[in-house]
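Chain by chain, the residues:
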Amino acid sequence: MTDPDQEPFRRLATAADRVCRLADHPDVQDEYDRSDEYAAFRAALAELAAVLRAVDPVSLPSSRRAPTVADVAATVLDLPGLPGLEEVADRLTDAQVERALIAALALPDRDRQADLLVAVAARLDAGQAERALAAVPHLDRASRQACTVTALLPRLPDERRPRAAAFALAAARRAHPSLILPTVGDLAPWLDATGRAELYAIAAAEQGPGWHLHLLPAHQLPARRAAVLATALGDEHEPSLARSLAGLAPHLDDEQLATAVAAARGVGDPTWRATALTGLATALAGERRRAAVDAALDAGAQGGRLDWPAVLPLLTPDQMDAALAAVASSPYPDGAAAALGGLLPLLSPARLPAAVAAAHAIRDDRTRAVALAELVPALPAELRATAVAAAVDALVASPVYGWFNPLGALGPHATPAQLARLWAAALAGEDDYPQGALAALAPYVDAERREQALRLALGYEPAHRAEALGGLVPHLDEAQRRRAYRAVSEIGDPSTRAVGLAGLAAYLSAADAAEATEAALTTAAGLRDPVARTRLLTDLARRLDGPARDTALAWAFAAARTIGAEQRGPRFPALTDLVPLLADG
């Protein structure tokens, strides 16, 4: 006679045995394989998880109150090694700072100790900084000593700083130059001229003359800056020369700037010439800046890659034609499209035809469409129609990955015939899941096509089904939304189902939204692995609002606190990823 109490455990053993048998099949080792064996293995895993949940369910936390940063900090301070302290150090209370310092000084792991002292350094008072400084000689590596002392220097009493800075410089001498480069700019202000010169030599030794010349000039005497510039000008490696001139620019006097600009104009490669001139232009004014920017734009027109985010703030209204010419000549389509987007707010109506011509000149179909779509909302009717037509032609000609990104901007201005072409291109393309394009077009097409997109999404495998329905649901009617809701509710994988339900909730009726939200939360909270449970609940918190968001945060925090030491890691991301979502408390 069968004991009913043992039945769940027999089911568990049977499910586990099936998983083990199926795991040996070669097709199961390839996550991209869509064979029957792989599908059977996934189904067996889902069955095993369901049986585990029935045999040993995870209890739901009782609290639905969102935690605060103070709660996270208190948890971190109670854990050995203070995992994740770096992420909350700037939000600790004074009492918590003292606790963190005591714990850090007691650690036997010297590397971790150094990390923690650097993390809390900015929060220490003078007495605490001296206690931290006393631990530095016991750190195992010279680079750690240099970095830790440098972090402590601003908090030390005035009379202690010279010796501490000298100690950091001595440690830097013993360390590999690459390991102290991040410290150079922060240590230099605390050294005298001789110490700065030595630190500069250590930095420059890492990559040879010129590479790191810009790290110290703010702290060099004028005579030393002249020597630094002379060294840079002697560098025959154009990328290094260009970077050094751009980095040195804020620290040079007028005469030195003139020398640097002349050298930049002589750089042969147009990309590096533009890099140097753009960097130098930021330190120039008036006509001298204008001339440097003109020369940089000319380098762009000769095929150089321009740093458009740096160039745009330097442009004057009468340089727009030259800027558009550089865009039109650019062999770098992505840069040209981004440049037009940045230039658009600066262009007068009279220059819009030139902008459209520059967009037409982009050779890559998808990037040309992106550039035209950037312009379309700002164009007058007589230019807009031709721009939309050209963008549609480009997209239909080349429906490659990401091709649907411009559709949101084009959709409101496209004709029904153009929308039909784009819809057909999406369905005929090589992408097995064209839902990105269909969702982008959904607000602008007829109900029949939206129904077609819904039916297509409902037929996808679960992971793609949830994503596709989440993109479509804002554009569906109430009956279609309920169909989407039912389909996501039936997805077997708990993580996919929970994220899918959270994505739909905002578009459902009040009753369905409440049901979907609670189902998403309880599904996520039922995952057995505490790391997976924490991450999924954190993801849900980003998607939800109001009391549901508070519940997701509360349960994620509760799950994180159950994670074992072997899964936390030094920065404990499962817990500290919550911090940006929390109030201070």
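What counts, and at which threshold
- Residues numbered from 1 in each chain as written.
- Predicted model: local features only at pLDDT ≥ 70, side-chain atom pairs only at ≥ 80, totals over all residues.
- Heavy atoms only, no water.
- Helix = DSSP H or I, 4+ residues; strand = E, 2+ residues; numbered from the N terminus.
- Buried < 20%, exposed > 50% of the residue type's maximum accessible area, 1.4 Å probe, protein only.
- Contact = heavy atoms within 4.5 Å.
- Areas by Shrake-Rupley, 256 points an atom, 1.4 Å probe, with all protein chains shown as cover.
- Core = buried A, V, L, I, M, F, W, Y, C linked by side-chain atoms within 4.5 Å.
- Expected span 1.5 Å × (residues − 1).
- Arc of directions from axis to C-beta.
- Salt bridge = Lys/Arg side-chain N within 4 Å of Asp/Glu carboxyl O.
- pLDDT = per-residue confidence, 0-100.
- Polar contact = N/O pair within 3.5 Å; in protein donor to acceptor, adjacent residues only side chain to side chain.
- Axes fitted to C-alpha atoms, helices over the stretch in contact; angles between N-to-C directions.
- Parallel < 35°, antiparallel > 145°, perpendicular 65-115°, else oblique.
- Left-handed = near helix turned anticlockwise from the far one by under 90°.
- Nonpolar A, V, L, I, M, F, W, Y, C, P; charged D, E, K, R; others polar.

Q: I would appreciate a short explanation of the overall build of the chain in the present structure.
A: Looking only at helices and strands, the chain has 34 helices and zero strands in total. Burial status across the chain gives 45% buried among its 585 residues. Here the analysis covers contacts within the chain between residues at least 6 apart in sequence; of these, 62% occur between residues at least 24 apart. When the accessible surface of the chain is summed, it comes to about 27100 Å², and 54% of that surface belongs to carbon and sulfur atoms.

Q: What is the right way to look at the nonpolar core in this model?
A: Taken as a class, soluble globular proteins show a tendency for nonpolar side chains to be buried jointly. Formed by 181 residues in total, the largest nonpolar core has its most connected members in Leu 85, Leu 297, Trp 308, Leu 315, Leu 343 and Leu 540. Contact partners of Leu 85, with chain neighbours within four places excluded, come to Val 76, Leu 77, Leu 92, Ala 100, Arg 112, Leu 116 and Val 120.

Q: Mind showing me how you'd approach the side chain of Gln 480 here?
A: Here Gln 480 lies in helix 28 (residues 478-489). Filtering out sequence-adjacent residues up to four positions away, Gln 480 remains in contact with Arg 450, Glu 451 and Leu 454.

Q: When you look at helix 12 (residues 222-233) in this model, what are you seeing that I'm missing?
A: Owing to its 3.6 residues per turn, the α-helix brings residues three or four apart onto one side. Over its twelve residues, helix 12 extends 17 Å from the first C-alpha to the last, a length consistent with the 16 Å expected when each residue adds 1.5 Å. Residues Val 228, Leu 229 and Ala 232 constitute the buried set of helix 12. Buried residues of helix 12 fall within an arc of 100° about the axis and therefore sit on the same side.

Q: Looking at this model, I keep getting lost on the pattern of salt bridges. Mind explaining?
A: Opposite charge on two side chains permits pairing when their charged atoms draw close. All chains considered together, the criterion is met by 27 salt bridges. A salt bridge links Asp 111 to Arg 144; the nearest nitrogen and oxygen atoms lie 3.6 Å apart. Here Asp 111 is found in helix 6 (residues 110-120), whereas its partner Arg 144 is found in helix 8 (residues 142-152), with 33 residues between them in sequence. Given a relative accessible area of 27%, Asp 111 falls into the partly exposed group. Ionic pairing is found between Asp 294 and Arg 290, a salt bridge with its closest N-O pair at 3.8 Å.

Q: What should I look at first to understand the confidence of the model for the chain in this one?
A: Caution applies to low-pLDDT regions: their predicted coordinates should not be interpreted in detail. Averaged over all residues, the pLDDT of the chain equals 88, while 88% of them reach at least 70. The least confident element of the chain is helix 2 (residues 36-55), whose mean pLDDT is 68; the most confident is helix 7 (residues 126-135), at 97.

Q: Whenever I open this one, helix 14 (residues 254-265) confuses me. Can you help?
A: For helix 14, built from twelve residues, the straight-helix expectation of 16 Å at 1.5 Å per residue is met to within 8% by its first-to-last C-alpha distance of 17 Å. Packed against the buried residues of helix 14 are helix 12, helix 13 (238-248), helix 15 (270-281) and helix 16 (286-301). Sitting at the head of helix 14, Asp 253 places a side-chain oxygen 3.2 Å from the backbone nitrogen of Glu 255.

Q: Even after reading the chapter, I still don't get the packing of helix 14 against helix 15, so can you show me in this structure?
A: Helix packing geometry: the angle between the two helix axes and the distance between the axes. The geometry of helix 14 relative to helix 15 is characterised by a closest axis approach of 8 Å and an angle of 160° between their N-to-C directions. In terms of their interaxial angle, helix 14 and helix 15 are classed as roughly antiparallel. With respect to the hand of their crossing, helix 14 and helix 15 are arranged in left-handed fashion. Facing Leu 257, Ala 260, Val 261, Ala 264 and Arg 265 of helix 14, the residues of helix 15 in contact are Arg 273, Ala 276, Leu 277 and Leu 280. Considered class by class, the residues forming the contact of helix 14 with helix 15 number seven nonpolar, no polar and two charged.

Q: Even after reading the chapter, I still don't get unusual backbone geometry, so can you show me in this structure?
A: Phi is positive for Leu 82, close to 50°, though the residue is something other than glycine. The residue Leu 82 is located in the loop between helix 3 (69-77) and helix 4 (85-88) in this model. One non-glycine residue, Phe 572, adopts positive backbone phi at about 45°. By secondary structure assignment, the location of Phe 572 is in the loop between helix 33 (565-568) and helix 34 (573-576).

Q: Just checking my understanding: could you explain the packing of helix 21 (residues 365-375) against helix 22 (residues 381-397) for this structure?
A: Look at helix 21 against helix 22: their axes get within 8 Å of each other, and the N-to-C directions meet at 155°. Taken together, the axis directions place helix 21 and helix 22 in an arrangement best described as roughly antiparallel. Crossing hand, helix 21 versus helix 22: left-handed. Judged by residue contacts, Asp 365, Arg 368, Ala 369 and Leu 372 of helix 21 engage Ala 387, Ala 390, Ala 391, Ala 394, Leu 395 and Ala 397 from helix 22.

Q: It is not clear to me how the environment of Val 72 should be interpreted in this structure. Could you clarify?
A: With respect to the helices, strands and loops of the structure, Val 72 is situated in helix 3. Classification of Val 72 by relative accessible area gives buried; the value is 0%. Sequence-wise, Val 72 and Leu 92 are 20 residues apart; in three dimensions their C-alpha atoms are separated by 10.0 Å. Sequence-distant contacts of Val 72, defined by excluding residues within four places in its chain, comprise Val 88, Phe 557, Leu 575, Val 579 and Leu 582.

Q: Would you mind showing me how to read the environment of Arg 123 here?
A: With respect to the element layout, Arg 123 can be found in the loop between helix 6 and helix 7. The partly exposed category is assigned to Arg 123, whose relative accessible area is 24%. Through-space distance from the C-alpha of Arg 123 to that of Val 97 is 7.0 Å; in sequence the pair is 26 residues apart. When sequence neighbours within four positions are dropped, the list of residues in contact with Arg 123 reads Ala 89, Asp 90, Arg 91, Leu 92, Thr 93, Asp 94, Val 97 and Gln 128. Among the polar contacts made by the side chain of Arg 123, one reaches the main-chain carbonyl oxygen of Leu 92 at a distance of 2.7 Å.

Q: Looking at this structure, I do not really get the environment of Leu 101. What am I missing?
A: Relative to the helices and strands, Leu 101 is located in helix 5 (residues 94-105). Once the C-alpha coordinates of Leu 101 and Arg 131 are considered, the two residues, 30 residues apart in sequence, prove to be 8.8 Å apart. With near-sequence residues (within four places) excluded, Leu 101 lies in contact with Leu 117, Leu 124, Gln 128, Arg 131 and Ala 132.

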